[in-house]
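Understanding the architecture of this molecule
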Amino acid sequence: MATTITIDPLTRIEGHLAIEVTVDSGVVTNAKSSGTMFRGFEMMLQGRDPLDAPHYTQRICGVCPISHGMASCLNLEDAFGVVVPDNGRILRNLVLGANFVMSHILHFYHLAALDYINLDDTIVKDMAPWDPNYVTDDMVTGDTAVALVGHYVQALAMRRKAHQMAAIFGGKLPCAPSFVPGGCTEVVTQDKIDDFRTLLAEQRTFIDGTYIPDVLTVAGAFSEYFGIGVGCGNLLAYGVFDLTDGSKLLARGRCNTQLALDTVDPGKIIEYVAHSKYRDNEGKNPADGVTQPKADKPDAYSWLKAPRYDGQVYEVGPLARMAVNYLSGDPTAVALINGVLTDPQLGGSEEEPLPISVLFSVLGRHAARALEAKLVADAMGGTADDEDDNGWLGELVVGEPVYSESDIPRDASGIGLTEAPRGALGHWIDIKRRRIDRYQVVTPTNWNASPKDDLGQMGPIEQALIGTPVANTEQPVEVLRVVHSFDPCLACSVHMLRPGKNKPEVVVHTRPSI
Amino acid sequence: MNVTRRDFLKASAAITGALALKVSGLMELQKAMAGGANAPPVIWLQGQGCTGCSVSLLNSTYYMTIDQLLIDTLDLKFHPTVMAAAGEMAVEAAETARNADGGYVLVIEGAIPAGANGDYCHIWPGTTMLDALESFAPNANVILSVGTCACYGGMSAGKPNPTDAMGVEDALDYLGLLKNLQATVINIPGCPAHPDWIVGTVAALLAGETPELDNDGRPEEFFGTYVHKRCPNRGLGHKAHVLSDAGCLAGLGCKGQQTHADCPLRKWNAGWAKNLPGQPAEPLAEVKNWCIGARNPCQGCTEPDFPDGMSPFYNL
């Protein structure tokens, strides 16, 4: 007999998300992902000074503001035609890299881990906000639970220090003021380089010695989750961290379960709205889209639109980035991922590694996230083994410019593609008479938490939920585990209101089953 | 949970220095702790926001760290970003705390949209943020509006404000609840709010004090002086002409002369600096920065008219 359950609020994410699943004979057979909050950033940006955009858009999200700052600066730099000096580019990479590390640590310990731990043997037993919680027989207990909770507390300090590190060049976190089109306002001094390096060393020790081992411990205890939450099987990355040689640390590309690697053409992105609360009847590319909200639209169940690439559903995030790098032959990604696939704790070995397909799963996402934290942290500081490799910090030059001045063109268009910790992030701008005429944002959670599109295809989180076993519909922790593996950020995905000439019509909102 | 006297004294020992509580407040607190007082329950609701204020709170170090706050000091009954429970279990935790004797501290993060009868922000089934404020405000002992969105609408209410977003006091007025409200509303703005402003206010309340508030409902202790008055760039005689230049940023659009905040003194993202048994100071505790320190003009993020009244941010 089928039961429909709703988890609302779905907690330990950013923002407002409601998940509805139908469970039939102990397995999820249908799923709906719904964003339940809306602000209207794009209407706000219309008519404003383009230089305000990086600071307004950072307030789309307090967990990944730097990603928006980066996307917005890239967007404006594309429109203005300005080239950022090396120091400025590297400083922004360092602040963004530090925020990636912060976000990944926060995600595993403070957002996801409680799905896997029975707290009865720990210091936070019966203590709010860790109590009440679902308690299921498969959760880890005893020494493992105690260790994980100890690391949870340690991780609170580590992520705080990652922000301290980011602020050295960012100014303050969250919401770093130093990101401007043309580069960075903060300058390079030897003291700042040294302080960043010292804090980074501590982060790297934590990632290598605690974060990654903890992910593997949880993976070892829950190995069935290498086969749960597979999702749509298509991965997409715009790529991020522009390097001195013109490449990106994490490459742009698409791949899938067939391990076919392909390119990304932003022109092939269409945002569908059949099940989204907007007035349009057809999908549009973000550079062209014009829609208005319609809260009572029939069959619509989310404030999120459904971005699709070439008509197909794509998942974004650390898994997409690490997989694209792996298939592109990046030696670092290959070594890190092979390390997981051959790990005896997970049932792998050198002779018989786990198949790559295990990455398309709940645990694959957590593993990719942790490995990516290491990859990024190591790039920032350089390889411990090679004395000549001091990473991005080693490329900074005291006294060289961090910023290039430019004028705002009268009329121009731009696009800025980068990655937030959660996945591919794009900003689009049209400037008319030196003011913002149109500003568009498509966020990673737009992709991942999207509802069904016009072709009836479910979004990535919805697809990942299908087939998930749910032992007890009163304690659907399995649903939480799948959703949390995507690291959803809803403020990011429900901020947009396509510009119409008029204010949105106020209609009576009839909330469907979600 | 019970806060032991020893635990809170440990935290209180951190509350010293030029920017901290009056001594008498601490003695009240110690008296209260000796009497076995419990930490009040806290219900933290999020409306239209970005969670930046919660992330900022996680960065707390000056008074105490977040683990000291959550484990030793507060009884955080509901907070969607960190709480273990989800769905119905989480809603029940909030509603049980609301209905319990003795009241609670209600924290609001994010703005409250009144447009479309509140439909632009649902926080759980059948409940908009507007509904939640209506239902949780009456029993609260004190309401903390954390962040400029919760205080005055902030970024969420940026023109043309399509969702009719507003801050807590305006929303309470809209609901007809402001006049007879039992609770004091304290506004702790900032985009995001500085963790010290939040924790410092909480510490004052736990000591039995009601912080002195300015005309915009903000604690005088943190918001009593303009940024400009204490800016180290004043009187240097050197003006920045281009971004990334050193010197006074007034000519590039700085709003320090219109903005109340203690950022020039306190700065942002400092480490843990106290030397306590079992928790020594961090080696790089004094490494910190701030907007003007990073050579970017102040954006005026603690003011009621942020962002519209402060835009454009630059004058290049």
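Residues numbered from 1 in each chain as written. Chains lettered and ligands numbered in written order. Predicted model: local features only at pLDDT ≥ 70, side-chain atom pairs only at ≥ 80, totals over all residues.

1. Regarding the overall build of chain A
The helix and strand tally for chain A stands at 14 helices and 14 strands. Over its C-alpha trace chain A gives a radius of gyration of 22 Å, about what one expects of a compact globule, namely 24 Å for 514 residues. By its C-alpha atoms, chain A is 60 × 60 × 45 Å across when sized along the principal axes. Across the 514 residues in chain A, those meeting the buried criterion constitute 61%. Sequence separation of 24 or more characterises 73% of the internal contacts of chain A that already satisfy a separation of 6 or more. (Helix = DSSP H or I, 4+ residues; strand = E, 2+ residues; numbered from the N terminus. Rg over C-alpha atoms; globule rule 2.2 N^0.38 Å. Buried ≥ 20, exposed ≤ 12 C-beta atoms within 10 Å, placed from the backbone. Contact = placed C-beta atoms within 7 Å.)

2. A look at the overall build of chain B
Per the secondary structure count, chain B includes 11 helices and 9 strands. Evaluated residue by residue, chain B yields a buried proportion of 59% over its 316 residues. In chain B, 71% of the contacts between residues at least 6 apart in sequence involve partners at least 24 apart.

3. Focus on the sheet that holds strand 2 (residues 75–78) of chain B
All names here are of chain B. With respect to topology, 5 strands assemble into an open sheet ordered 2-1-3-7-9, the strand pairing being parallel. Sheet topology places strand 2 and strand 9 (184–188) at the edges, where each strand pairs with a single neighbour. Taken pair by pair, the neighbouring strands of this sheet meet at an average axis angle of 25 degrees, ignoring direction. Taken together, the 5 bridges between strand 7 (residues 142–146) and strand 9 define a ladder with parallel strand orientation. Across the sheet, V142 pairs through a bridge with T184, a residue of strand 9. Sheet contacts for helix 5 (residues 87–99): strand 1 (41–46) and strand 2; angle to strand 2, the most-contacted strand, approximately 120 degrees. (Pairing = 2+ DSSP bridges. Axes fitted to C-alpha atoms, helices over the stretch in contact; angles between N-to-C directions.)

4. Remarks on the interface of chain A and chain B
Interface size, as often reported, equals the accessible area lost upon joining of the parts. The interface is formed by 77 residues belonging to chain A together with 70 residues belonging to chain B. At the level of elements, strand 1 (2–7), helix 1 (41–45), helix 2 (53–58), helix 5 (142–170) and helix 6 (190–221) of chain A are the ones that each hand at least two residues to the side of chain A that touches chain B. Per element, the largest residue contribution to the side of chain A that touches chain B is 11 residues, and it comes from helix 5 of chain A. Of the residues belonging to the side of chain A that touches chain B, the class tally is 41 nonpolar, 18 polar and 18 charged. (Nonpolar A, V, L, I, M, F, W, Y, C, P; charged D, E, K, R; others polar.)

5. Structural notes on the pairing of strand 2 (residues 17–24) of chain A
All names here are of chain A. In terms of burial, strand 2 is a largely internal element, 6 of the 8 residues being buried. Note: strand 1 against strand 2, 6 bridges, orientation antiparallel. Across the sheet, T6 pairs through a bridge with E20, a residue of strand 2. Pairing analysis gives 8 bridges linking strand 2 to strand 3 (residues 27–35), with the strands arranged antiparallel.

6. Some remarks on the domain arrangement of chain B
Residue and element names in this part refer to chain B. Here the domain parsing of chain B yields domain 1 (39–192) and domain 2 (225–316). Taken over C-alpha atoms, the centre of domain 1 sits 27 Å from the centre of domain 2. Its residues assigned to classes, the side of domain 1 that touches domain 2 comprises 5 nonpolar, 7 polar and 1 charged. (Domains from an automatic or database assignment.)

7. Focus: the environment of A412 of chain A
Residues and elements named next belong to chain A. The residue A412 is located in strand 12 (residues 412–420) in this model. Residue classification places A412 among the partly exposed positions, given that 18 C-beta atoms sit within 10 Å. Distance from A412 to L76, taken between C-alpha atoms, is 9.4 Å for residues 336 residues apart in sequence.

8. Examining the environment of D131 of chain A
Summarising the element assignment, D131 of chain A is placed in the loop between helix 4 (86–112) and helix 5. For the pair formed by D131 of chain A and L119 of chain A, sequence separation is 12 residues and the distance between their alpha carbons is 8.6 Å. Excluding anything up to four places from it in sequence, D131 of chain A contacts D126 of chain A together with A84 of chain B.

9. A few points about the nonpolar core
Ranked by size, the top nonpolar core spans 271 residues in total, and within it I105, A237 and A323 of chain A together with I43, L106, I112 and L133 of chain B carry the most contacts. Among the elements that line this core, the one with the most residues is helix 4 of chain A, at 15 residues. Shared between two domains, this core holds at least three residues of each, these being domain 1 (39–192) and domain 2 (225–316) of chain B. Not counting chain neighbours up to four residues away, the residues in contact with I43 of chain B comprise K77, F78, A94, A97, R98, Y104, L106 and F136 of chain B. (Core = buried A, V, L, I, M, F, W, Y, C linked by C-beta atoms within 7 Å.)

10. Focus on the pairing of strand 6 (residues 234–237) of chain A
Residue and element names in this part refer to chain A. Side chains N234 and L236 project from strand 6 onto one buried face, and the interleaved L235 and A237 project onto a second face that is buried too. Pairing analysis gives 4 bridges linking strand 6 to strand 9 (residues 253–256), with the strands arranged antiparallel. By the bridge assignment, L235 is partnered in strand 9 with C255.

11. Some remarks on the sheet that holds strand 12 of chain A
All names here are of chain A. Sheet architecture is open: 3 strands sit in the order 12-13-14, paired in antiparallel fashion. A strand with exactly one partner marks an edge of an open sheet, and here the two such strands are strand 12 and strand 14 (435–442). On average, each strand axis in the sheet is tilted by 15 degrees relative to the strand beside it, whichever way the strands run.

12. Some details on helix 9 (residues 195–206) of chain B
Residue and element names in this part refer to chain B. Relative to the 16 Å expected for 12 residues at 1.5 Å per residue, helix 9 spans 16 Å between its end C-alpha atoms, a close match to the ideal helical length. Every buried residue of helix 9 is listed here: P195, D196, W197, I198, V199, G200, T201, V202, A203, A204, L205 and L206. Downstream of helix 9 by one or two residues, G208 has phi in the positive range, about 85 degrees. (Expected span 1.5 Å × (residues − 1).)

13. A short note on helix 5 of chain B
A rise of 1.5 Å per residue sets the reference length of helix 5 of chain B, with its 13 residues, at 18 Å; its end C-alpha atoms lie 19 Å apart and thus fit the reference within 8%. Every buried residue of helix 5 of chain B is listed here: G87, A90, A93, A94, A97 and R98 of chain B. Burial along helix 5 of chain B is one-sided: seen end-on, the buried residues are contained in an arc of 145 degrees. Buried residues in helix 5 of chain B make contact with strand 1 of chain A together with strand 1, strand 2 and helix 6 (129–136) of chain B. (Arc of directions from axis to C-beta.)

14. Thoughts on the confidence of the model for chain B
All names here are of chain B. Taken as a whole, chain B shows an average pLDDT of 90; of its residues, 88% reach a score of 70 or greater. Note that residues 1–37 has pLDDT below 50 and, in this model, 50 contacts with residues that lie over four places away or in other chains. Both scores are available for the predicted complex, with the pTM at 0.93 and the ipTM at 0.94. (pLDDT = per-residue confidence, 0-100.)

15. Overview of unusual backbone geometry
Residue P129 of chain A is reached from A128 of chain A by a cis peptide bond, and omega for that bond is 0 degrees. On the secondary structure map, P129 of chain A appears in the loop between helix 4 and helix 5. A cis amide bond links K159 of chain B to the next residue, P160 of chain B, at an omega of 10 degrees. Looking at the secondary structure, you find P160 of chain B in the loop between helix 7 (148–152) and strand 8 (165–166). We note that N117 of chain B has phi near 55 degrees; this positive angle belongs to a residue other than glycine. Relative to the assigned elements, N117 of chain B resides in the loop between strand 4 (112–113) and strand 5 (122–124). The exposure class assigned to N117 of chain B is partly exposed, which follows from the 13 C-beta atoms found within 10 Å.

16. Some details on the packing of helix 5 of chain A against helix 6 of chain A
Residues and elements named next belong to chain A. At a closest axis distance of 10 Å, the pairing of helix 5 and helix 6 adopts a crossing angle of 155 degrees. Relative to helix 6, the element helix 5 is oriented roughly antiparallel. Crossing of helix 5 over helix 6 shows left-handed handedness. Counting all contacts with helix 5, which are made through T144, L148, H151, Q154, M158, K161, A162, Q164, M165, I168 and F169, the residues of helix 6 involved are K192, D195, F196, L199, L200, E202, Q203, F206, T210, D214 and T217. Across the contact of helix 5 with helix 6, the residue classes break down as 10 nonpolar, 7 polar and 5 charged. (Parallel < 35°, antiparallel > 145°, perpendicular 65-115°, else oblique. Left-handed = near helix turned anticlockwise from the far one by under 90°.)

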